[in-house]
Structure formats: C-alpha cells, structure tokens
Amino acid sequence: MRRIILGIALCFSWMVSAQQDVQFTQFTQNKLLYNPGYTANRGSICLDLLHRSQWVGFDNAPTTQNFNADIPINFLHGGLGLIVTNDQIGFFQDISFGLSYAYQMDFAGGKLGFGLMVDFKNKSVTSGDWVFPDGNLGGFDPFVAANGATSLAPDLNFGIYYENDKIWGGLSTTRGIEGTFALGSQVGAGEFAFRSKRHYYLMGGYNWYIPNTNWALMPALMVKSDLAGPMTADINVNAMYNNKVWGGVTYRNQDALAIQAGLFIMPSLKLGYSYDITLSDISVTSGGSHEIMLGYCFRIEIPAREKGSNRNPRFL
C-alpha cells in the first residue's frame, strides 16, 4: 500500500510540473502570452481578454483569466506590452504581472521581433484542509504549505517572432530565472517551496487564401516542453470566411480535442469561443473545458500639421 501511495504521489508531482504554465486552446489568438517577441507586431493598440474553465466537473478545477495589452512606439523601434494573469487551481492561486518590450524590424517581406518580458508572480495558498498522516486537520508541518502563505518571485521571458502575409512563427522561453516560492508553515531550512521550471515554446502557422473564393485555411502548431516531461503539441486547423467568421478544430496529444469558432463583430473587435472534449482517463469525471476570448485593436491617428497654416483658439 505504501508503494502504491508513493507511486500516485510521484505521478501527481509530475503532473504539477507539467502544468506550471497556463494553457489556452486559442493560442493563435493569444500569442503575446507565450512570446514577448510578438509585442507591437500588429501595429495597433491591442487589448485581449481570455477566460478558461478547465475540466468542468472537478472540485477546485483550474480557472484562468488573462489580459494582454500592447502598443507600438515608434521611437523605441518596437513597442511595449502588459500581461496580467490570474490562475486558480485547487488550493493555490498564481497572479502574475509582466511588462514586455520587443524590437521590431522589417525582414524578408514581413516583420521580425526580438522580445523580453520581466514578470513578477505571486503564488499563494488561498485555502486548504490538509490531511496529515495522523489523521488530524490543520496540523503543523514545515513541509506542508500553510493556509494564507504567499510568496513573490521575479522571472524573465525571451522570444523571437516573425510574420508576413502568409506565414508566422516564433520560438520563446518562459521562467528563465526559475524562481522559487517559499510557502512553508515556518521560515527556515526544509520549508515547503515551489521552484519554477523553464518552459520552451515553438509555434507557427500558414495562411492559405484559396484562389477565387472568400475562404482561407489557417493551419497552426504549438509545441510545449520543459525538457523533463513529455512534449505537448497543439495541432490546429481553422477556416475563415470573408475575413469575418472562423471555425476549426484543435488536437492536443494525450489530452483533448477542441472545437472553436469566432467572428469579427466589427473590423476592430473579435469574439472567440472554444470547447475542449477531454480524451484522457479523466473524461469520466471531466465535463470538458470552456474558453472565451475578446480582442480589440485600434489606432490613434494624429493628423500632420499643414504647412503655412495658422492656428488660433479665437473664433472670429
């Protein structure tokens, strides 16, 4: 029995390591979260908001909210970005705040960006009725996360991203510093702590505009790895009609098959939704995962001053 319990604990710890970074099915609509090289790539002031409810049906199942904003700034030869994420899973809550910068340059008929993000993450234990070996609740143990414990750690993300009218792709890494979060019930040696694991992302896609039609096919791929556990790959194919409405499917190996759809409510405002059908053994309990996305881009145009004109606040 002890061996069985130890084996389950080891498997669970591996699962936690593999799930350190938040996950979104609509990764093609949320590139800034994974790659700071994407900052200001769109050439407009853009705001993106996403919500994900994962494995509906489980108690304390993961829920995630993510807000991104980026703005091009000409004298910086690129732009700045803001990334705020709230991730709740079980008894733990992660709130992160990141600032990104990318240097954008023209390259091979497209735009190439080199990005850096400074990220601050606060990990806390919101609640938890831990069951200790003696059967008591709320006991004292330096190796158990204490209720209300919180820890803040900085981190760095790097990325390179390229895009033109037909292809896009990027390579990035998150949790570069691999910060440590001390959450033990006492301060000192042997306290309970989480250490971040560096993650790597490779993403890319192709936009095929079908000749003499209003249709486009847009296959995309994202590969995720921490170089310790198995790699995860999201394979996505979307079709878009008249640059207004899209829909498609995503397959995530050993995890889920997702269907998604979206539309441009206005040329500058888009809405997307996806539903993950769980394919792993937890499908018996999981009701799937829901995800909704809202994105808005706009520009502030300052007209050039006309030569020879005189401006006067007085009206005659």
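As a reminder, the structure under discussion sits directly above these lines.
Only a predicted model underlies this, so the values are computations on that prediction, with no experimental measurement involved. Each chain has its residues counted from 1, running along the sequence as written. A pLDDT threshold of at least 70 governs which residues receive local features in this predicted model, and a stricter bar of 80 or more applies before side-chain atom pairs are shown or counted, although totals over entire chains, interfaces and linings include all residues. As a convention, hydrogens and water are excluded, and side-chain values are obtained from all of the structure's heavy atoms.

Trainee: Summarise the overall build of the protein; cite the residues concerned and give the values.
Mentor: Strands are runs of DSSP state E lasting at least two residues, helices are runs of H or I lasting at least four, and both sets are numbered from the N terminus onward. Counting its regular elements, the protein contains two helices and 17 strands. The classification of residues rests on relative accessible area computed with a 1.4 Å probe and restricted to protein chains. Under 20% of the type maximum is buried, over 50% is exposed, and intermediate values are partly exposed. Going through the 316 residues of the protein one by one, you find that 42% of them count as buried. Of the roughly 18000 Å² of accessible surface on the protein, 65% is carried by carbon and sulfur atoms. For every accessible area listed, the method is Shrake-Rupley and the probe measures 1.4 Å; residues are considered covered only by the protein chains on display.

Trainee: Break down the nonpolar core for me, citing the residues and quoting the values.
Mentor: Core analysis: the largest hydrophobic core is formed by 20 residues, its most contacted members being Phe-24, Phe-27, Leu-33, Tyr-34, Trp-168 and Met-222. Looking at this core, the elements that each hand over two or more residues are α2 (31-34), β10 (199-206) and β12 (215-225). In this description, contact between two residues means that some pair of their heavy atoms is separated by no more than 4.5 Å. Other than its neighbours up to four places away in sequence, Trp-168 contacts Phe-27, Thr-28, Lys-31, Tyr-161, Tyr-162, Glu-163, Met-203, Gly-204, Gly-205, Tyr-206 and Ala-220. Think of a nonpolar core as a cluster: buried Ala, Val, Leu, Ile, Met, Phe, Trp, Tyr and Cys residues, connected wherever their side-chain atoms sit within 4.5 Å. In this structure, Phe-92, Ala-149, Ala-153 and Phe-194 belong to the second largest nonpolar core, which totals eight residues.

Trainee: An account of unusual backbone geometry is needed here, citing residue identities and associated values.
Mentor: With the exception of glycine, most residues fall at negative phi, and the peptide bonds are largely trans. Its identity is not glycine, yet Ala-108 carries a phi of approximately 50 degrees, on the positive side. Mapped onto the secondary structure, Ala-108 falls in the loop between β4 (92-107) and β5 (110-125). Its identity as a non-glycine residue notwithstanding, Asn-212 has a phi of 60 degrees, on the positive side. Within the secondary structure, Asn-212 is located in the loop between β11 (208-209) and β12.

Trainee: So what's going on with the pairing of strand β16 (residues 269-278)? Residues and values would help.
Mentor: Direction of pairing for strand β15 (residues 256-266) relative to β16: antiparallel, over a ladder of 10 bridges. In the strand pairing of β16, Gly-262 is matched with Gly-272. Paired strands are those between which DSSP finds at least two bridges. A loop of two residues connects β15 with β16, the two strands running antiparallel in sequence.

Trainee: Tell me what's going on with the pairing of strand β3 (residues 78-89), and back it up with residues and numbers.
Mentor: If a strand is regular, its side chains alternate between the two faces of the sheet. For strand β2 (residues 63-73) and β3, the ladder comprises 11 bridges, and the chain directions are antiparallel. Counterpart to Pro-72 in the pairing with β3 is Gly-79. Linking two consecutive strands that pair antiparallel, namely β2 and β3, is a turn of four residues; a positive phi of about 55 degrees is found at His-77 within it. By the bridge criterion, 12 bridges tie β3 to β4 in an arrangement that is antiparallel. Looking at β4, one finds that Gly-78 is bridged to Tyr-103.

Trainee: Could you give me a rundown of the environment of Ser-283, with the residues and numbers involved?
Mentor: As for its placement among the helices and strands, Ser-283 is situated in the loop between β16 and β17 (289-298). Among the residues examined, Ser-283 registers a relative accessible area of 35% and is labelled partly exposed. Along the backbone, Ser-283 and Ala-256 are 27 residues apart, and their C-alpha atoms lie at a distance of 9.4 Å.

Trainee: Quick one: what's the story with the state of the cysteines, residue by residue and with numbers?
Mentor: Disulfide assignment relies on a single distance test, namely cysteine sulfur atoms paired within 2.5 Å. Under the criterion given, the structure shown has one disulfide. There is a disulfide in this structure between Cys-46 and Cys-297, and the S-S distance comes to 2.1 Å. In this structure, the disulfide formed by Cys-46 and Cys-297 twists by about 115 degrees around the S-S bond and is classed as right-handed. With Cys-46 in strand β1 (residues 45-53) and Cys-297 in strand β17, this pair connects stretches of sequence that are 251 residues apart. Since its relative accessible area comes to 0%, Cys-46 is described here as buried.

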